[in-house]
Structure formats: structure tokens, C-alpha cells
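Results of the structural survey
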Amino acid sequence: MRAIRTVAFAGAVLALALAAATVGAVGDEPVGEVLELDDSNFDTIAAEHDALLVEFYAPWCGHCKQLAPKYDEAAKMLAGDDATKHLRIAKMDADSQKSVPGRYGVSGFPTLKFFRNGELAGDYEGDRTAEAIVDFVKKKAAAAVNKEMTDAAALKTLTKTATKPTLIALCSNAAHVDYKYYKSVVSKLADTGLEIYHSFTPSVLEAFGFFSSGCSIQMYRPAEGGKKPSKATFKGTVFKDKLREWITTNALVAWAKYTPDTQKLFQMTGKNLIRVVRAEGSPVDVKALAALTKKHADAFMFAVSDASEYAADLEAHCGDKNAKVCVLLHDSKKNRVYGLEGGAATADAIEQFIQDFNDKKLKQKVKSEPAPAPAKAGEVVAVVGSTFENEVINNDKD
């Protein structure tokens, strides 16, 4: 009897050990399977991946159940390709785990979010198919956010010919806290048009005159008119918030190029924007606008765009898609765009444009049918583009 009890006890212990091993394996699933995350391991595991898509789900959610086999298939597809087998996708039961989902504002299921080195870098809003998920992860992973440079001559050339805002960290080693903070901050700057690099190579550091511990962080900004890029250097102790603010502030000089790539950078400043959309061969006289730019630098960014990329803006806000010049004002708080009548990009015209904005005199150009006759009591109010704001936004009636 005692022998039977001993065997039974040993079996129970083995079962508990196996169960413990299974629990311990969460987050360490083999390649080809979806990583299982929870509140206790999320930060550690997410930080280990340059690109990680995470599904926040609930076991009872019908849409989650529909997505599950496709999500599993996506993991297998990534593992089956030599070029992507290092890429993983993950999931978390957001019904039982509360801390991490709460941190990222997860309120519906399934919610898919993309992370770089543990930092939130955007949401996935594509098709819920294995192919679409794989394509998204591959594209995000291919857009290297923080590229390493080991060639001093190539990096020197880059700083002299930069056509986009270019951020460089010259660091004594990868383990230094300065680089860890730098890596964390720049992981959120994908898809902003910002070129980001780092180097630990002694010959590169020597070529740039850096011989200290930590990091020297530099920004090179292209200028209008093909001028040599200007340089800004981060000063002081590297803290995440301080560095993030410095990058946002220094990535763009006055009259920098506003493109579909750099649009997000401009939005990150939180400032209003004066943007001159000009046709090829119609340069902006930056010198003539220097005093205006300096006067309004606290509240406004100033930029130029190519008409070839923003023909729709010419027609929508300046009334002529073939216009040589169109001056726009972006209201950052209300997310509105106004066009300058006449379109002249002179200091006087832009100064008056800004003054009219500050005095709340500007009106958006809206494509609209003719305004209908006022509705009588009891009638349904007909709203068209030109009357929408007064009838819906500024109306105190229900």
C-alpha cells in the first residue's frame, strides 16, 4: 500500500512539475508559434524584438476566434521563410491580464498593436488575413529605424548630403545607458521621414572627434535651395523625455521640406504650420521671409512642398490645381487647413494671413452645393458643405 502511495505521490509531483514547466514556457514558444504574453513578461519580451505585432484578445470574443487560425498561420508563414524566420508575432489575453492592456488603452477585441523594442509604434488596421499580417510585419521590419554605420567616410558623406532630417548617435558602446535611452526613443520615430543611425565603431567615433563615454547625438537638417545641411548637437544628460523633445524640436529647420514622409514630424511639433506649395521652378525666397519666420517661430513651423505631390491642395485650398504658388495655414488644434487668397508668398501677405488667423477671420474653402433656403419650424434642416459648421458645429440646438 505504501509503495502505491509513493508512486501516486511521485506521479502528482511530476504532473505539477510539468505544469510549472508549461507555465514557465509562456513567452518562449518555438519558432512558428505565436508568442504568449502576460503582464509579467510583456516588457521583457517586447524589448527584445525590433519589430513585434501583438494581438490583444478575449477568449469569449467571436472576432478573436475568427482571427485565431489566420494569426497562427501568419506565424507559420514568417517561420517558413529564411528571410523572416527571425520575426515573431504575439498575443495577450486582455480579459485576464489588465495592466498592459490598460496601459495601451485596449478597449475592444481584437486590438493589434505594433511595437519596436518594447515601445508602441502604431496600430495594425489592415485586413485580418494571414497574408496581410505577414506583409505588414515584413514591411515594418524592413524599415530599419536605427541603422548601424561602420564606415566613417560614408557617414561623413551622409552628413554633407542629407536630403532628409538625419539623426546620428556616436556611442562608446551598446550597453551604455545613453544608447539604451536613444534606442528606446527613436523606436517610435518610424515612418516620420527621419533617417536614424548609430555607430560604436572606434574609427567612426575618432573621425567625428568623439572620445568620451556615452553618446554624442547629432541632427543634420537639409535646407531649402540645396544649401549644406545644418547641424544641431544634443547637450546635457540624456533622458528619454528630454531627448524626445529635442529631436522633435530640432529635426526641422524653417522652410524644411514637407512631404508625405515628413508630415508626421511636423505634426509632432504641435505647432501651427505655414506651408508654401510651389510648382517646379518657383523657389521660396527664404531670406526675404527670415524676419517673419523668426517673429512667429514660437507658434508656427514654416515649410515648402512640391506641387507635384500636393496638386489636390492647390485645387482644394487655392482654387487652381495649376497654380504656381499656394500658401496654406494648418491649424494644429482644430486640424483645419486654410488657403491664402491670391497665393503670393511674400512676407506682407503671409504676415496678414497669420494675423487674420489669430483674429479668427479665416474661413475654410469647402466644396458645396448652393445653400438651401432656411428651414421652417417643423421641417428637416438640409445641410450642405458651406452650412455644415454653422448648422452642426456652432449650433446650440439639439
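Residues numbered from 1 in each chain as written. Predicted model: local features only at pLDDT ≥ 70, side-chain atom pairs only at ≥ 80, totals over all residues. Heavy atoms only, no water.

A few points about the confidence of the model for the chain
With 84% of its residues at a pLDDT of 70 or more, the chain has an overall mean of 85. Here helix 1 (residues 2-24) is the element of the chain with the lowest mean pLDDT, 45, and helix 8 (residues 202-207) is the one with the highest, 97. A low-confidence stretch, residues 1-10 (pLDDT under 50), is modelled with zero contacts involving residues beyond four sequence positions or located in other chains. A low-confidence stretch, residues 12-24 stays under pLDDT 50, and its non-local contacts, those more than four residues away or across chains, total zero contacts. (pLDDT = per-residue confidence, 0-100. Helix = DSSP H or I, 4+ residues; strand = E, 2+ residues; numbered from the N terminus. Contact = heavy atoms within 4.5 Å.)

Focus: the pairing of strand 9 (residues 215-221)
For strand 9, a buried count of seven out of seven residues is recorded, marking the element as mostly surrounded by other parts of the structure. Of the two faces of strand 9, both are covered, the one formed by Cys 215, Ile 217, Met 219 and Arg 221 as well as the one formed by Ser 216, Gln 218 and Tyr 220. Sheet analysis places strand 7 (residues 166-171) next to strand 9, joined by six bridges and oriented antiparallel. The residue of strand 9 that forms the bridge with Leu 170 is Ser 216. Sheet analysis places strand 9 next to strand 10 (residues 230-233), joined by four bridges and oriented antiparallel. Note that in strand 10 the partner of Met 219 across the bridge is Ala 232. (Buried < 20%, exposed > 50% of the residue type's maximum accessible area, 1.4 Å probe, protein only. Pairing = 2+ DSSP bridges.)

So, the nonpolar core
Among the nonpolar cores identified, the biggest contains 41 residues, and Leu 167, Tyr 182, Leu 194, Ile 217, Leu 243, Trp 246 and Ile 247 are the most heavily contacted of them. Residue assignment for this core shows that the elements contributing at least two residues are strand 7, helix 7 (177-186), strand 9, helix 9 (240-250), helix 10 (263-268), strand 12 (272-278), strand 13 (300-306) and strand 14 (325-331). Ranked by the residues each element gives to this core, the list is headed by helix 7, at four residues. Those residues in contact with Leu 243 that lie beyond four places of it in its chain are Tyr 181, Tyr 182, Val 185, Ile 217, Phe 234 and Val 238. Listed in part, the 19 residues of the second largest apolar core include Leu 67, Tyr 71, Leu 78 and Val 134. (Core = buried A, V, L, I, M, F, W, Y, C linked by side-chain atoms within 4.5 Å.)

Let's talk about the pattern of salt bridges
Considering all chains together, one arrives at 14 salt bridges under this definition. Asp 43 is the partner of Arg 103 in a salt bridge, and the nearest nitrogen-oxygen pair spans 2.9 Å. Here Arg 103, found in helix 4 (residues 99-103), pairs with Asp 43, found in helix 2 (residues 42-47); they are 60 residues apart in sequence, far enough to count as distant. On the accessibility criterion, Arg 103 (42% relative accessible area) is partly exposed. Two residues, Lys 113 and Asp 123, come together in a salt bridge whose shortest N-O distance is 2.8 Å. (Salt bridge = Lys/Arg side-chain N within 4 Å of Asp/Glu carboxyl O.)

Examining the state of the cysteines
Scanning all chains against the criterion turns up two disulfides. Here Cys 171 connects covalently by a disulfide to Cys 215, the sulfurs 2.0 Å from one another. Since a negative S-S torsion denotes a left-handed disulfide, the Cys 171-Cys 215 link at about 110° is right-handed. Of this pair, Cys 171 sits in strand 7 while Cys 215 is found in strand 9, placing the two residues 44 residues apart along the sequence. (Disulfide = S-S within 2.5 Å.)

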